[in-house]
Amino acid sequence: MRELLPVKLLYVEDDYGCREAMTRFFASSCQKTVAAENGRQALELLLAERPDLVVTDLDMPEMDGLTMIANMRERGIFVPTIILSGSIGSDLRKRAASLGVFAFISKPCSLVELWAAMTAAVSPEIAGTPSAWAGQQAPRRFISF
């Protein structure tokens, strides 16, 4: 059995079935999990919940994942972010890396790979530091699975 990560996670996914299934995984993996169905809703939850980690899809209605991440960065929010998406083109990866995304994991994903990325993203040098919410960019690493 894996340990519970002592973090609040925001999961952003427009597909209802995927969102429900993955929210159950995250709820069993993290101290608290909140979910949004698009980037616009996620930005509202981000400000209200102040999560320690964000996992997001890219292709969503109203606001896509990269636009949401860009909005986060423009507001000075550098919470570690993992992209979990079926859209894996090299241009998207480059743009994600330029936005300071921690990891890009292709769907369908291995839960072992996702867990490894989540654990690495909230390692002590990143998780819980005030820099994620104080307008300073946290240390950047980019992992691609």
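Note that this is a predicted model, so its numbers are computed, not measured.

Asks: Looking at this structure, how should I read the pairing of strand β1 (residues 5-12)?
Replies: β1 sits mainly inside the fold: six of its eight residues count as buried. Pairing analysis gives six bridges linking β1 to strand β2 (residues 30-36), with the strands arranged parallel. Looking across to β2, one finds that Leu 9 is bridged to Thr 33. As for the winding sense of the linkage, the β-α-β connection from β1 through helix α1 (residues 16-27) to β2 is right-handed. Strand direction decides the pairing type here: β1 and strand β3 (residues 53-56), joined by four bridges, are parallel. Of the residues in β3, the one forming a bridge with Leu 10 is Val 54.

Asks: Even after reading the chapter, I still don't get the confidence of the model for the chain, so can you show me in this structure?
Replies: Fine structural detail should not be taken from predicted coordinates in areas where pLDDT scores are low. In the predicted model, the chain carries a mean pLDDT of 82, and the fraction of residues at 70 or more is 83%. Predicted confidence is poor over residues 126-131, with pLDDT under 50, and the contacts of this stretch with residues over four places away or in other chains come to ten contacts. Across residues 133-145, confidence stays below pLDDT 50; counting only partners more than four residues off in sequence or on other chains, it has 44 contacts.

Asks: Explain the side chain of Asn 38 here, please?
Replies: You can see Asn 38 is positioned in the loop between β2 and α2 (39-49). Judged by its relative accessible area of 4%, Asn 38 falls in the buried class. Among the polar contacts listed, one links the side chain of Asn 38 to the backbone nitrogen of Gln 41, at a separation of 2.8 Å.

Rules and cut-offs
Residues numbered from 1 in each chain as written. Predicted model: local features only at pLDDT ≥ 70, side-chain atom pairs only at ≥ 80, totals over all residues. Heavy atoms only, no water. Buried < 20%, exposed > 50% of the residue type's maximum accessible area, 1.4 Å probe, protein only. Helix = DSSP H or I, 4+ residues; strand = E, 2+ residues; numbered from the N terminus. Pairing = 2+ DSSP bridges. Right-handed = clockwise from strand over helix to strand, strands pointing away. pLDDT = per-residue confidence, 0-100. Contact = heavy atoms within 4.5 Å. Polar contact = N/O pair within 3.5 Å; in protein donor to acceptor, adjacent residues only side chain to side chain.

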